[in-house]
Amino acid sequence: MSVLSTPRRARLLSLAGWVSLALGLLVLAPAMLTDFRLGLLAKYCCYAIAAVGIGLAWGRGGMLVLGQGLYFGLGAYAMAMHLKLSDAGPGEVPDFMMLYAGGEMPLWWEPFRSPAATLAAIVLLPALVAAALGVAIFKRRVKGAYFAILSQALTAAFAILLIGQVKTTGGFNGLNNFQSFFGYSLYDPVNKQLLYYITAGVLLGSIALMALLYRSRFGELLVATRDAEERVRFLGHDPANIKLLAYVVAAVLASIGGALFVPVVGIISPDDVGVGASIAMVAGVALGGRASLMGPAVGALIVGYAETSLSESFPGSWSYFQGALFILVVLLLPGGLAQLSGLLGRLRPTARPTGRRSTRSKEPQRENEEVPA
């Protein structure tokens, strides 16, 4: 009986996990959950999209990105600006500007009246910001704890900037009270369910994209850069460019997740894009298993569900339970919940080869070693 090779077995397990997640999100969840719970699951999917990008940058690239709230916020506020302008109507200004800015709107809001310009900004704006920051950081070989602290500091500065610009960003209260999403009413349950399917589909598509990247030449170079950066440089590749591409992809995925978060939740504020939100994203990735394909997304979904369930059962102390759960998982399973599959695999009996016993020695001959005469 033939035994599957380890890479092929891993691909089959990943495919089975993706299919199971797709069935759960697209078939079981809409059939079993109420509209309110389905909306909460859509919110978790938004964080999971950002978590998939973190899995690429951190799990495969070794870059602890503690500031993905910056890119999550760029996509979210771009979408929120378009929705506010769409609700206001042609030539009108958003309602909060009538209160805070005396009815005056800055010129840089105008491009977001266009749906095409908004969608382009959701992808290009975080990509440009991440590319500029990445060149400045990776070309100077900043890594490790210094990179993590710097990325977190940028997110904190971004949240403070949003709070200070009350006339253009709504300040601490953020932007809310959205009426429609690209012409479809957000108060219609059918449209809310359609929005859920869009969010779940984007999550599944992002995981499929990661599967392609992980098996590509770029994925191999990214792992090699994480484990032996100097050797990669010696072989003629620039590790800074490899890290930069992973960082940009992670930024774009975070921005897309933030853009979908706005119509799903109905509000975006500095609390949703600050340091706390960024750490929660990383916690989900660590919980699910940062080096696996499905782990980051599943971990983010679990963290979101735990946050909601614990806050409902223990309103005053739910954060302590969530923190204790995260600590226990990290201590017992450093590789996250994805490590359970490896542990279960070790418990399976290994198939022994049949037929004539091999006459090779216990220590095989090295490939390039000269065989004595």
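Residues numbered from 1 in each chain as written. Predicted model: local features only at pLDDT ≥ 70, side-chain atom pairs only at ≥ 80, totals over all residues. Heavy atoms only, no water.

On to the overall build of the protein chain, then. Across its full length, the protein chain holds 15 helices and 4 strands. Sorting the 373 residues of the protein chain into buried and exposed places 43% on the buried side. A separation of at least 24 residues holds for 77% of the contacts in the protein chain among residues at least 6 apart in sequence. (Helix = DSSP H or I, 4+ residues; strand = E, 2+ residues; numbered from the N terminus. Buried < 20%, exposed > 50% of the residue type's maximum accessible area, 1.4 Å probe, protein only. Contact = heavy atoms within 4.5 Å.)

What follows deals with helix α6 (residues 145-164). A rise of 1.5 Å per residue sets the reference length of α6, with its 20 residues, at 28 Å; its end C-alpha atoms lie 29 Å apart and thus fit the reference within 8%. Within α6, burial applies to F147, A148, S151, T155, F158, A159 and L162. On an axial view of α6, the arc spanned by its buried residues comes to 115 degrees, and they lie on one face. Seen from the buried face of α6, the exposed residues on the opposite side, beyond 90 degrees, are A145, Y146, I149, I160 and G164. Residues of α6 that are buried sit in contact with α3 (69-88), α5 (115-138), α7 (166-169), α11 (239-265) and α12 (275-288). (Expected span 1.5 Å × (residues − 1). Arc of directions from axis to C-beta.)

Packing of α5 against α11 leaves a shortest axis separation of 8 Å and a crossing angle of 145 degrees. The two elements α5 and α11 cross, and the hand of that crossing is right-handed. Together, I122, V123, P126, A127, A130, A131, G134, V135 and F138 of α5 and A240, K243, L244, Y247, V248, A251, V252, S255, I256 and A259 of α11 make up the contact between the two elements. Within the contact of α5 with α11, the residues separate by chemical class into 16 nonpolar, 2 polar and 1 charged. (Axes fitted to C-alpha atoms, helices over the stretch in contact; angles between N-to-C directions. Left-handed = near helix turned anticlockwise from the far one by under 90°. Nonpolar A, V, L, I, M, F, W, Y, C, P; charged D, E, K, R; others polar.)

Let's shift gears to the nonpolar core. Within the largest apolar cluster, 99 residues are counted, with the highest numbers of intra-cluster contacts made by L25, L175, L203, M210 and I268. Discounting residues that sit within four places of it in the chain, L25 has contacts with P30, L41, C45, Y196, A200, L203 and L204. (Core = buried A, V, L, I, M, F, W, Y, C linked by side-chain atoms within 4.5 Å.)

Take unusual backbone geometry next. In the Ramachandran plot, R141 falls in the positive-phi region, its phi being about 60 degrees despite a non-glycine side chain. When you line up the elements, R141 lands in the loop between α5 and α6.

Our focus in this paragraph is the confidence of the model for the protein chain. Mean pLDDT over the protein chain works out to 85, with 89% of the residues at or above the 70 mark. Low pLDDT, under 50, characterises residues 344-373; the stretch is placed with 2 contacts to residues that sit more than four places away or in other chains. (pLDDT = per-residue confidence, 0-100.)

Considering the arrangement of structural elements, one finds K84 in helix α3. A distance of 2.9 Å separates the side chain of K84 from the side chain of D95, its partner in a polar contact. Those residues in contact with K84, other than ones at most four positions away along the chain, are P94, D95, F96, W109, N176, N177 and F178. (Polar contact = N/O pair within 3.5 Å; in protein donor to acceptor, adjacent residues only side chain to side chain.)

A word on the packing of helix α8 (residues 189-215) against helix α9 (residues 217-227). A pair of packed helices can be characterised by two numbers: the angle between their axes and the separation between those axes. α9 packs onto α8 with a crossing angle of 70 degrees between their chain directions and a minimal axis gap of 4 Å. The pairing of α8 with α9 is recorded here as roughly perpendicular in orientation. In this structure, α8 contributes L213, Y214 and R215 to the contact, and α9 contributes R217, F218, G219 and E220. Class assignment for the residues of the contact of α8 with α9 results in 3 nonpolar, 1 polar and 3 charged. (Parallel < 35°, antiparallel > 145°, perpendicular 65-115°, else oblique.)

On to helix α2 (residues 35-60), then. Here α2 is 26 residues long and its end C-alpha atoms lie 36 Å apart, about the 38 Å a rise of 1.5 Å per residue gives. The principal kink in α2, of about 30 degrees, is found at I54. With 20 of 26 residues buried, α2 lies mostly within the body of the structure. A positive phi of about 75 degrees marks G62, the residue just after α2. (Bend = angle between axes of the 7 residues up to and from the residue.)

The next point concerns the state of the cysteines. Enumeration over the complete set of coordinates arrives at 0 disulfides. C45 forms no disulfide, and the closest cysteine sulfur to it belongs to C46, at a distance of 7.1 Å. Owing to a relative accessible area of 0%, C45 belongs among the buried residues under this scheme. (Disulfide = S-S within 2.5 Å.)

Take the environment of F182 next. The topology assignment puts F182 in the loop between β2 (180-181) and β3 (184-185). The exposure class assigned to F182 is partly exposed, which follows from its relative accessible area of 30%. Discounting residues that sit within four places of it in the chain, F182 has contacts with M79, H82, L83, P115 and L119.

A cluster of nonpolar side chains, L15, V19, L23, L26, V27, L28, M32, L33, L194, Y197 and I198, forms an exposed patch at the surface whose accessible area comes to about 970 Å². Among the secondary structure elements, those contributing two or more residues to the nonpolar patch are α1 (6-32) and α8. With 7 residues, the top contributor of residues to the nonpolar patch is α1. When you line up the elements, I198 lands in helix α8. (Patch = residues over 30% accessible without salt bridge, like charges linked within 9 Å, V, L, I, M, F, W, Y side chains within 5 Å. Areas by Shrake-Rupley, 256 points an atom, 1.4 Å probe, with all protein chains shown as cover. Salt bridge = Lys/Arg side-chain N within 4 Å of Asp/Glu carboxyl O.)

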